[in-house]
Amino acid sequence: MKRPAYGNAVFARRRAREVLWLLVVGVGRWKAGDGLFARPDLARIVVLDDLDLTLSNLDFVAGLDVLVVDESELAGRGAAVSAALLTAGRANTVWRLSGVQVDEMTLLGGEAVPLGLSPVRVGDFPAALARQRERMALFGQGIWQGWESPQLAAMMEQLRGGNDE
């Protein structure tokens, strides 16, 4: 199975135990999502329109928060990529950029649809992602499932005042 463009580089970063803040997935064009956020802990892959999602290896996405930037000319391609990331990729959360707003996506009948919460502006996205991570940690969802989660343990340590970050 083949990884999307730049997928091997992201896999290598994860294998080296590098913590990634966000994975940006550009859909349809090589430049899709390029330069959206300037952070060293950000990674980006590109899913071109000719990539067969059913034959793609998305294992390196597991547990990551993902922002899909759909610039495809194919109708529904961004939704199909979002669904693949949520199912085969087992992403922690998947968000989709449309114009100047970002919606969190969920699966409904096998299709990726907006979760139904208020969309956020691109500039407010980092804060919205941080709030969503806190909610998921508090409710034991996503990568924070179970008390053995290192992410939950780190958050609890920070709440106890053991971490000054």
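Residues numbered from 1 in each chain as written. Predicted model: local features only at pLDDT ≥ 70, side-chain atom pairs only at ≥ 80, totals over all residues. Heavy atoms only, no water.

Undergrad: Outline the packing of aromatic side chains, supporting the account with residue identities and numerical values.
TA: Scanning all chains against the criterion turns up four aromatic pairs. Each ring, one from tyrosine 6 and one from tryptophan 30, has its centre 6.0 Å from the other, and the planes form 75°; the classification is edge-to-face. Here the residue tyrosine 6 occupies a position in the segment before helix H1 (7-15), and tryptophan 30 occupies one in the loop between strand E1 (22-27) and strand E2 (42-47), the gap between them amounting to 24 residues. Tyrosine 6 gets classed as partly exposed once you look at its relative accessible area, which sits at 44%. (Phe/Tyr/Trp six-rings, centres within 6.5 Å; stacked < 30°, edge-to-face > 60°. Helix = DSSP H or I, 4+ residues; strand = E, 2+ residues; numbered from the N terminus. Buried < 20%, exposed > 50% of the residue type's maximum accessible area, 1.4 Å probe, protein only.)

Undergrad: Quick rundown of the environment of leucine 86? Include the residues and the values.
TA: Considering the arrangement of structural elements, one finds leucine 86 in helix H2 (residues 77-87). With near-sequence residues (within four places) excluded, leucine 86 lies in contact with Val94, Met105, Thr106 and Leu107. (Contact = heavy atoms within 4.5 Å.)

Undergrad: Could you give an account of the side chain of aspartate 65, with specific residues and numbers?
TA: Locating aspartate 65 in the fold gives a position in strand E3 (residues 65-70). Polar contacts involving the side chain of aspartate 65 include one to the side chain of asparagine 92, which spans 3.1 Å. With sequence-adjacent residues up to four places away left out, aspartate 65 is seen in contact with Trp21, Leu22, Leu23, Asn92, Thr93, Leu129 and Arg133. (Polar contact = N/O pair within 3.5 Å; in protein donor to acceptor, adjacent residues only side chain to side chain.)

Undergrad: Describe the pairing of strand E5 (residues 101-108), with residues and values.
TA: Where strand E4 (residues 93-98) and E5 come together, five bridges link them in antiparallel fashion. From the neighbouring strand, serine 98 faces E5, where its bridge partner is glutamine 101. Two successive antiparallel strands, E4 and E5, enclose a turn made up of two residues, where glycine 99 displays a positive phi of approximately 70°. Examined bridge by bridge, E5 and strand E7 (residues 120-121) share two bridges and lie antiparallel to one another. Bridging across to E7, glutamine 101 finds its partner in arginine 121. Pairing of E5 with strand E6 (residues 111-114), which is carried by four bridges, proceeds in the antiparallel orientation. (Pairing = 2+ DSSP bridges.)

Any functional reading would require information that these geometric values do not contain.
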